[in-house]
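Fold and contact review
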Amino acid sequence: MADPVLPSFDLSRNWKRVRKETLEAIVKVLDSQHFILGPEVDALEKDIASYLRVSHAAGCASGTDALLLALMALGVGPGDEVITTPYSFFATVSCITRVGATPVFADVDPDTYNISPINILDKLTAKTKAVIPVHLFGQMVQVEEFSEAISRRGAFLVEDCAQAIGATRVINGRVERAGALGDIGCFSFFPTKNLGGFGDGGLISTNSDALSVRIRSLRVHGSGKQYFHDEVGLNSRLDEIQAAILRVRLRHLETWNEERRLVDERYRTLFAEMNLGEWITPPAEAEGNRHVFHQYVIRCSHRDKLKTWLAERGITARVYYPLSLHLQPCFSFLGYKEGEFPVSESLSQKTLALPIFPELLPEEQERVAAAILEFYKNGIFDHS
Ligand SMILES: *Cc1c(COP(=O)(O)O)cnc(C)c1O
């Protein structure tokens, strides 16, 4: 008999937990017949601003648009350099080329997979207009190690928080949330994110009154007053239904993030009990960080064979990300070569994301760990 399928994430288990309250919230919107940028979006923006402890939050159509709106609002354009990581989702970099600016990559840390502060400082020039650290897989970058250096140069800090809502870091004795440290924070509500909607959605956070006003104008075609356009913006708005769904889900976010942290503890214990340390390295949590494990990304030997081995046993593991961004065909015009960002390139060969979601069961994790043990103990990779 075939093994039951264990997906890398299972949204349906989560749906069952909030079905009733979500349906009520959706019906309320349908009864109001107000669909775009209305009272639910206003309320969500207030809820999230207070959760992050920032002055403003503005909904938009996706995490990708949040990044694009951020760079537009900061006036980033042709001739400007924007420093970011080569090891992230595509949208982190496409927003830079979309506004006509030049992406400058800084290599990542092999343990946290996050952009390394020292490498950022190394790449700062008179042309640097912004830095986009990505809080990858749910863990914050050590932003305090470069934030002063970049503001001294008049450059902006844009945090890509798409994978890190609820992540915190202790800085100067204070607990700081992702999205509250930079000039702008960008969030995604893509369904599989830690706070996911039932469709696309995004949000921008900022402590600047002026940036908040400009972003609110840019998301509606650059108009402060309807039908009068100060500049050319986007159509990038959040739907009332999505906002209503997200408000319900925001109430559970802390619980779900804690459950993800429990999944991490259980994996860690299992790997230690099975002495898997010789072959796999679980994700590292940097000092002072509260990781929210959007993904559970290990480093391992014989990655591709392990992935196939798990798939044959019904366990879905995924690769984030198989090709470093500096090597993407669409960025070949930037002139980067293989070997220029060795840590990012090596991670793209060695990392594997194991199943993780708040409802993942201990026995399912035991199954994953046992399958990994079987693979390495029997030397499957040598003769397959
Ligand atoms: C998901 C994601 C985005 C883009 O968000 P969308 O809502 O899918 O447009 C940007 N950056 C990172 C790091 C992401 O994971």
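The biggest cluster of nonpolar side chains holds 32 residues, and the ones touching the most others in it are Phe-271, Leu-310, Leu-354, Ile-372 and Tyr-376. Among the elements of the structure, helix H9 (253-273), strand S12 (296-300), helix H10 (303-312), strand S13 (351-354) and helix H12 (362-377) are those that each provide at least two residues to this core. Per-element tally for this core: the top contributor is H12, with 6 residues. When sequence neighbours within four positions are dropped, the list of residues in contact with Tyr-376 reads Leu-276, Trp-279, Ile-280, Cys-300, Ser-301, Leu-306 and Phe-381.

With that out of the way, let us pick up the pattern of salt bridges. Considering all chains together, one arrives at 22 salt bridges under this definition. Between Arg-216 and Glu-45 there is a salt bridge, with its nearest N and O atoms 3.2 Å apart. Residue Arg-216 is found in helix H7 (residues 209-218), and its partner Glu-45 is found in helix H2 (residues 39-52); the two are separated by 171 residues along the sequence. Overall, the relative accessible area of 28% leaves Arg-216 in the partly exposed class. The shortest N-O distance in the salt bridge between Asp-264 and Arg-268 comes to 2.8 Å. On the criterion of helical spacing, the pair formed by Asp-264 and Arg-268 is a turn pair, its members being 4 residues apart in helix H9. Here Asp-264 falls in the buried class, since its relative accessible area comes to 7%. Several salt bridges converge on common partners, so that one network encompasses Lys-28, Glu-40, Asp-47 and Arg-247.

This part covers the domain arrangement of the chain. One can read the domain layout of the chain as domain 1 (11-250) and domain 2 (253-382). A separation of 25 Å is found between the C-alpha centroids of domain 1 and domain 2. Taken together, the 47 residues of domain 1 in the interface contact 45 residues of domain 2. Surface buried jointly by domain 1 and domain 2 totals about 3,900 Å² across both partners, of which 56% is contributed by carbon and sulfur atoms. Of the charged contacts in the structure, one is a salt bridge between Arg-13 and Glu-364, with a shortest N-O distance of 2.7 Å. When contributions to the side of domain 1 that touches domain 2 are tallied by element, the ones reaching two or more residues are helix H1 (11-32), helix H4 (91-98), strand S3 (102-105), strand S6 (168-171) and helix H8 (240-250). Among the residues making up the side of domain 1 that touches domain 2, the classes are represented as 23 nonpolar, 14 polar and 10 charged.

Thresholds, definitions, all that
- Position numbers for residues count from 1 along each chain, tracking the sequence in the order it is written.
- Residues qualify for local features only when their pLDDT is at least 70, as the model is predicted, and side-chain atom pairs are given and counted only at 80 or more; totals for whole chains, interfaces and linings, by contrast, use all residues.
- Side-chain measures here rest on the full set of heavy atoms in the structure, leaving out hydrogens and waters.
- Throughout this description, the term nonpolar core refers to a set of buried Ala, Val, Leu, Ile, Met, Phe, Trp, Tyr and Cys residues connected via side-chain atoms within 4.5 Å.
- Each residue gets one of three labels from its accessible area relative to the maximum for its type: buried under 20%, exposed over 50%, partly exposed in between, using a 1.4 Å probe on protein chains only.
- In DSSP terms, a helix is any run of H or I states spanning at least four residues, a strand is any run of E spanning at least two, and both are numbered starting from the N terminus.
- Contacts: residue pairs with any heavy atoms within 4.5 Å of one another.
- Here, a salt bridge means any side-chain nitrogen of Lys or Arg that lies within 4 Å of a carboxyl oxygen of Asp or Glu.
- Each domain's extent was defined by an automatic or database domain assignment.
- Accessible-area loss on putting two parts together, using a 1.4 Å probe and summing over both, is the definition of buried area adopted here.
- All residues other than Ala, Val, Leu, Ile, Met, Phe, Trp, Tyr, Cys, Pro, Asp, Glu, Lys and Arg, Gly among them, are scored as polar; the first ten of these are nonpolar and the last four charged.

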